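# Architecture at a glance
Spelled out from the first residue to the last, the chains are:
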Amino acid sequence: MNRIAVAVLVLALFCLPVNGDASIQERETVRDALQNTKIIAYPDNGRPVDQTVAIELKETLAPHAKIVSALDASGLPSKGVIRIAIADENFVKGPDKVSGDRAWMFFRISSSGDGELVTSKPHLLYALLCQIKDEWSDQEAAQFERGKLLYASFSWLRGEDGFYGTKKRFTRDYNPESAIRELARMGCSSVVVNALATPFSLETGPPGEVYYRFYVGAPDLDQFVETDLNKGSYPPEYLVANFTFLKRQAQLVVKYGLTPGLYICNPRSVPESLIQKFPFLRGARVDHPFRSFRPRFTLTLGHPAVRWHYAEMLKKILQEIPEIGFINTFLNDSGSGFEFTSRLYSGRNGGAYVAREWMAHEEFEQAAAKNIVRYYRLLRDVAQGINPDFRLIAGLFAIPEEQSLVLEGMDNGIDLQMSLADKKNPEKWKRELALLQRGSYLFTGTSAKGSLVLGTPAPWLTHERLHTLIKEELDKATVTVDPPSLAPWDVNREVLKAYQLGQLDSVDDFIDKIAVVWVGQKYASNLVDIWRDCDEAVRNVPDVPLYGTSWAFEMYRLWIRPFVPDIDKIPESERDYYEKFIISVFNNPHRVDLAADVLWKLISIEQGDEIVRKYDAEVWPPLKRAIAAIENTVDEISSGDPGREIFVDLRDRLYGARCYFRTLRNVGAWVAGVHGYLDATGEAEKQLRLRMVREMMSDELQNARDLLQLWRSTEISFIPIHASGETWHEYGDNLGKLIVKKIALMEKHKDDLPYIDPNYMWRMPPEFKSLEKKYLSEE
């Protein structure tokens, strides 16, 4: 060592304060204290999340520590040891006192590097680690000498990012592990995992049918395992692939301490080959007659062989994946349904063993409800025999006539998926409250999303939605969020995380802080103002029936179909580019009328007028302010400023949101203009409505051009794009080419007069067109 180096070393040694000097205690941070940690310990009999947290703690904050597992704490040193565990008095001490039965997190650290990370529930352990490394690591260690205790706002919080366990699982650029890690960071407790291993199911249908497409979502138990009853109904390769994928999905969830669960359409129809094999086991017809060209039937739950079959399938799944903690059922839709319930698409029907013919409606309701309750209890009992904490969550909105009877039979372990609006119905709320006395839980839902466009900010609205549930004493909820791989800077997620971990005293102060952290002090106020204007726009968005849902907007191809006054004037061959993936068969009036779908009247002229008015008066002003502000900021901020990337990202998302909202606005304008023109009783009103149609077309044409420009120029994923190409539920990487086709058709037909064929529903397929003249001429 040379003389200069020695001199520096000696000077440094003389300048060090002695142990116990108050100045070093004040300056020492949590990060400094963790440098002194020698051992990170977790229990031998612990959970995978213990090890996950131990490894990440070492990699991020305690690089000198060795990771060990131990049976208990007795053999560990007294100094320099961090203990990680779910509350267990034999391994960690934890807080001296906690409030009631609320879920909690506790962190303690001393200057010598010893302490503990302990939570009352597994799903909070990774959230606590993230709180330490992201929020507390640069705070004074002295604040944590006696420990810091946090409480979770929601006791059960299912994180739903719209991708992980859904039909959108194979979206381009979606990263499943980062999605689960983010849900864990935010304190979510549960995740649905039952996506199929392929982008589509094996369900098929006759040519021209669309109903088979729904089977890719919410797959039932028989898509993963089989029993002796249905053996051979599906190829073994298909079942093995799906079950292997299910196990992999669940393992990733468990790695971060969350509980995996299933969301199933159940009981779902089975292959016709199985019905032919056991015709006496045929149950209810559950398909939608206007969307399917082939009847689809469930197995009858009235027969003990079928109940054994479902019990056996669930048992097989849980024996391999015992961590599965819940099933959320979706009934009477997408090829599923219970026998003899009143709102099956084909009306009350079913097998031979649940109800007899010629019964009164009340008797049918009682028989149907009894069958449902018996089935729910069967699933619960089988599952709890393997996982005692298992819950079955029933969504009963599709069976209002039988709902009260089913509720009477529900008890501990069978829970209700309810709506916040139920509390405004005294009679309904009284029945639901009675469930709590019998050990059932009430689950509801909310959203931390701004729109279909990923990463649309609405932080204040997100906070209001969350706080409303807690204020109403509904602490078990599903919350929808955007995943970080598709929306990396999502302030809505930050609000959710802070609220769930009890760290949101002032939403305004919190949002200000996030802005400073992300873009720096200079531009933080710009970002907050943009968020605030966007939040105002999002909360003012009017309801656009059906199309305003994220799934229907894509399902009906609104961004690529031409908004022309007489859709039927476009030859079918020229419409095929978007109709081949639309959920409308050849004679569905929706193909030529945005106000209709099958027999539904979706939007009235008055509703269309109100949609246009609200968008023009309440959505556009704040959204225009937000876009103008972010364009000015992007122009001003230097290319080397780290905040520029965030502003550019958000700018493109706001462009996308504008296109999305503009199309929804123009759906209302199309309905009000076209139907208003056709229903007009006077020439002045007719001309007024025709001008509305022309203005709508001009606006949607410009919107399509703006969307095309965004698609060609942006580097972000502002909407889900399927990795394998276009599907009925997502656009593909050919979106730009299809927008070009939309623009061309709108230009070609922009001067057409409004018209809707009132007999469209009675049309025949092309090969039988000649028949139409014969029977339509007699009408």
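Check the entry above for the structure.
Residues numbered from 1 in each chain as written. Predicted model: local features only at pLDDT ≥ 70, side-chain atom pairs only at ≥ 80, totals over all residues. Heavy atoms only, no water.

### Topic: the side chain of Arg391
Put simply, the rule is: In DSSP terms, a helix is any run of H or I states spanning at least four residues, a strand is any run of E spanning at least two, and both are numbered starting from the N terminus. Two N or O atoms form a polar contact when they lie within 3.5 Å of each other; inside protein one atom must be a possible hydrogen donor and the other a possible acceptor, and for residues adjacent in sequence the pair counts only when both atoms belong to side chains. Contact between two residues is taken to exist if any of their heavy atoms lie within 4.5 Å; hydrogens are not considered.
Take Arg391: it is sitting in strand β13 (residues 391-395). At 3.0 Å, the side chain of Arg391 forms a polar contact with the backbone oxygen of Gly439. Dropping the residues within four chain positions of it, Arg391 is found in contact with Gly325, Phe326, Ile327, Asn412, Gly413, Asp415, Gly439, Ser440 and Tyr441.

### Here we look at the sheet that holds strand β6 (residues 148-151)
What counts is decided by this rule: Pairing between two strands requires that DSSP report at least two bridges joining them. Under this scheme, a helix contributes an axis fitted over its contacting stretch, all axes are lines through C-alpha atoms, and angles between N-to-C directions fall in the 0 to 180 degree range.
Taken in spatial order, the six strands make up an open sheet running β2-β1-β3-β5-β4-β6, and their pairing is mixed. The open sheet terminates on both sides in strands that have one partner only, identified here as β2 (66-70) and β6. Across the sheet, the mean angle separating the axes of adjacent strands is 15 degrees when strand polarity is ignored. Relative to strand β5 (residues 115-119), strand β4 (residues 104-109) is paired through five bridges, and the arrangement is antiparallel. Paired with Met105 across the strands is Thr119, a residue of β5.

### Remarks on the pattern of salt bridges
The condition is simple: By definition, a salt bridge exists where a carboxyl oxygen of Asp or Glu is found within 4 Å of a side-chain nitrogen of Lys or Arg. Only protein chains enter the accessibility calculation, which uses a 1.4 Å probe; a residue whose area is less than 20% of its type maximum is buried, one above 50% is exposed, and one in between is partly exposed.
A complete count under the given rule lists 60 salt bridges for this structure. Between Arg539 and Glu464 there is a salt bridge, with its nearest N and O atoms 3.0 Å apart. On the criterion of sequence distance, the pair formed by Arg539 in helix α16 (residues 521-539) and Glu464 in helix α13 (residues 459-471) is long-range, its members being 75 residues apart. With a relative accessible area of 33%, Arg539 lands in the partly exposed category. One salt-bridge network, in which partners are shared between bridges, spans Asp568, Arg575, Glu579, Arg591, Asp757 and Arg763.

### Topic: helix α12 (residues 426-437)
This is how it is decided: In this analysis, the expected span of each helix is defined as 1.5 Å times one less than the number of residues it contains. It is the directions from the helix axis to the C-beta atoms that the arc portrays.
Over its 12 residues, α12 extends 17 Å from the first C-alpha to the last, a length consistent with the 16 Å expected when each residue adds 1.5 Å. Of the positions making up α12, those classed as buried are Trp429, Glu432 and Leu435. Axial view of α12: buried residues confined to an arc of 100 degrees, hence all on one face. Relative to its buried face, α12 has exposed residues pointing more than 90 degrees away, namely Pro426, Glu427, Lys430 and Gln437. Those residues of α12 that are buried are in contact with α11 (400-409), β14 (414-417) and β15 (442-447). Within two residues after α12, Gly439 carries a phi angle of roughly 90 degrees, on the positive side.

### Notes on the nonpolar core
Put simply, the rule is: Definition used in this section: a nonpolar core is a set of buried Ala, Val, Leu, Ile, Met, Phe, Trp, Tyr and Cys residues joined via side-chain atoms within 4.5 Å.
One finds Ile84, Leu117, Tyr376, Trp531, Tyr547 and Trp559 to be the most contacted residues of the largest nonpolar core, which totals 225 residues. Counting residues per element, this core draws most heavily on helix α20 (residues 644-679), which supplies 16 residues. Discounting residues that sit within four places of it in the chain, Ile84 has contacts with Ile40, Ala41, Tyr42, Pro43, Asp50, Val53, Ala54, Leu57, Phe91, Leu117 and Leu125. Grouped together as the second largest cluster of nonpolar side chains are 12 residues, Ala41, Val92, Trp104 and Phe106 included.

### Some thoughts on the pairing of β2
The cut-off we apply is this: Crossover handedness is defined here as right-handed if the route from the first strand over the helix to the second strand goes clockwise, with the strands pointing away from the viewer.
Here strand β1 (residues 39-43) pairs with β2 via five bridges, running parallel. Bridging from a neighbouring strand, Tyr42 pairs with Ser69 of β2. With helix α4 (residues 48-60) bridging β1 and its parallel neighbour β2, the resulting β-α-β unit is right-handed.

### Description of the layout of surface pockets
Let me state the cut-off plainly: Here a cavity is any set of points on a 1 Å grid over the protein atoms alone where a 1.4 Å probe fits but cannot get out, and a pocket is any open set with protein on both sides within 12 Å along at least 5 of 7 lines; a residue lines the site when it has an atom within 4 Å of a point. Grid points are joined across faces, edges and corners, and a volume is the space filled by probe spheres set on the points.
By volume, the second largest pocket amounts to about 1,000 Å³. Lining the second largest pocket we find 33 residues, and of these Lys121, His123, Trp156, Thr259 and Asp389 sit closest to its centre. Of all the elements in the fold, those that place two or more residues in the lining of the second largest pocket are α4 and β9 (259-265).

### Examining the environment of Leu61
Note on placement: Leu61 falls in the loop between α4 and β2. The class for Leu61 is buried, based on a relative accessible area of 1%. If sequence neighbours within four positions are ignored, Leu61 has contacts with Arg31, Leu34, Gln35, Ile132, Lys133 and Ser137.

### A word on the environment of Asp609
With respect to the helices and strands, Asp609 occurs in helix α19 (residues 605-636). Its relative accessible area of 27% is what places Asp609 among the partly exposed residues. With 60 residues separating them along the chain, Asp609 and Ala669 place their C-alpha atoms 6.7 Å apart. In contact with Asp609, not counting residues within four places along its chain, are Ala672, Arg689 and Met692.

### Some remarks on the packing of aromatic side chains
Worth spelling out the cut-off: Working definition: rings of Phe, Tyr and Trp (its six-membered ring) pair if their centres are within 6.5 Å, and the pair is stacked with planes under 30 degrees apart, edge-to-face with planes over 60 apart, and tilted otherwise. Two thresholds decide whether a charge sits over a ring: the Lys NZ or Arg CZ must be within 6 Å of the ring centre and within 35 degrees of the ring normal.
Considering all chains together, one arrives at 33 aromatic pairs under this definition. Their ring planes at 20 degrees and their centres at 5.2 Å tell us that Phe163 and Tyr174 sit as a pair that is stacked. Of this pair, Phe163 sits in the loop between β7 (156-160) and α6 (176-185) while Tyr174 sits in the loop between β7 and α6; the two residues are 11 residues apart in sequence, bridging distant segments of the chain. Using a relative accessible area of 3% as the deciding quantity, one classes Phe163 as buried. Relative to Phe647, the ring of Tyr523 lies with its centre 6.2 Å away and its plane at 75 degrees, an arrangement referred to as edge-to-face. Of this pair, Tyr523 sits in helix α16 while Phe647 sits in helix α20, and the two are 124 residues apart along the sequence. Neither Tyr523 nor Phe647 differs from the other in exposure class; each is buried. Connected via pairs of aromatic rings, a cluster forms that spans Phe553, Trp559, Tyr615, Trp620, Tyr660, Phe661, Phe718 and Tyr731. A cation over a ring is seen here: Arg282 above Phe297, with NZ or CZ 5.2 Å from the ring centre. One residue, Lys742, lies across the ring of Phe563, its end atom 4.7 Å from the ring centre.

### Considerations on the packing of α16 against α19
Helix packing for two helices is described by the angle between their axes and how far apart those axes are. Rule in force here: If an angle is under 35 degrees, it is roughly parallel; if it is over 145, roughly antiparallel; if it lies from 65 to 115, roughly perpendicular; otherwise it is oblique. Less than a right angle of anticlockwise turn of the near helix away from the far helix marks a crossing as left-handed, whereas a clockwise turn marks it as right-handed. Only Asp, Glu, Lys and Arg are considered charged in this grouping, and only Ala, Val, Leu, Ile, Met, Phe, Trp, Tyr, Cys and Pro are considered nonpolar; every other residue, Gly among them, is considered polar.
In contact at an axis separation of 7 Å, α16 and α19 are set at 155 degrees when each is read in the N-to-C sense. If you check the angle between α16 and α19, you find them roughly antiparallel. In this structure, α16 meets α19 at a crossing whose hand is left-handed. On α19, the residues that touch Lys522, Tyr523, Asn526, Ile530, Asp533, Cys534, Glu536 and Ala537 of α16 are Val619, Pro622, Leu623, Arg625, Ala626, Ala629, Ile630, Thr633 and Glu636. Each residue belonging to the contact of α16 with α19 can be placed in one class, and the counts come to 10 nonpolar, two polar and five charged.

### Considering the side chain of Thr119
Along the chain, Thr119 turns up in strand β5. A distance of 2.8 Å separates the side chain of Thr119 from the backbone oxygen of Lys121, its partner in a polar contact.

### Topic: the environment of Leu239
Topologically, Leu239 is positioned in helix α7 (residues 236-255). Classification of Leu239 by relative accessible area gives buried; the value is 7%. Placed 466 residues apart in sequence, Leu239 and Arg705 show a C-alpha to C-alpha distance of 45 Å. Each residue touching Leu239, except ones within four places of it in the same chain, is listed here: Asp222, Gln223, Phe224, Val225, Glu226 and Tyr234.

### Let's talk about unusual backbone geometry
Asn266 connects to Pro267 through a cis peptide bond whose omega is -10 degrees. Within the fold, Pro267 resides in the loop between β9 and α8 (272-277). Residue Asp173 is not a glycine yet carries a positive backbone phi of 70 degrees. Mapped onto the fold, Asp173 is located in the loop between β7 and α6. For Trp358, which is not glycine, the phi torsion reads 65 degrees and is therefore positive. Within the element layout of this structure, Trp358 appears in the loop between β12 (326-330) and α10 (361-384). With a relative accessible area of 79%, Trp358 lands in the exposed category.

### Here we look at empty space enclosed by the protein
Applying the stated criterion across every chain, the model contains three cavities of 30 Å³ or more. Quantified by volume, the largest cavity comes out at close to 90 Å³. Every residue along the wall of the largest cavity is listed here: Ser201, Leu202, Glu203, Tyr215, Pro219, Asp220, Asp222, Gln223, Tyr234, Tyr238, Arg268 and Ser269. Its residues placed into classes, the lining of the largest cavity shows five nonpolar, three polar and four charged. What the second largest cavity holds in volume is close to 50 Å³. In this structure, the second largest cavity is lined by Gly455, Trp489, Trp518, Leu527, Trp531, Ile646, Asp649, Leu650 and Arg653.

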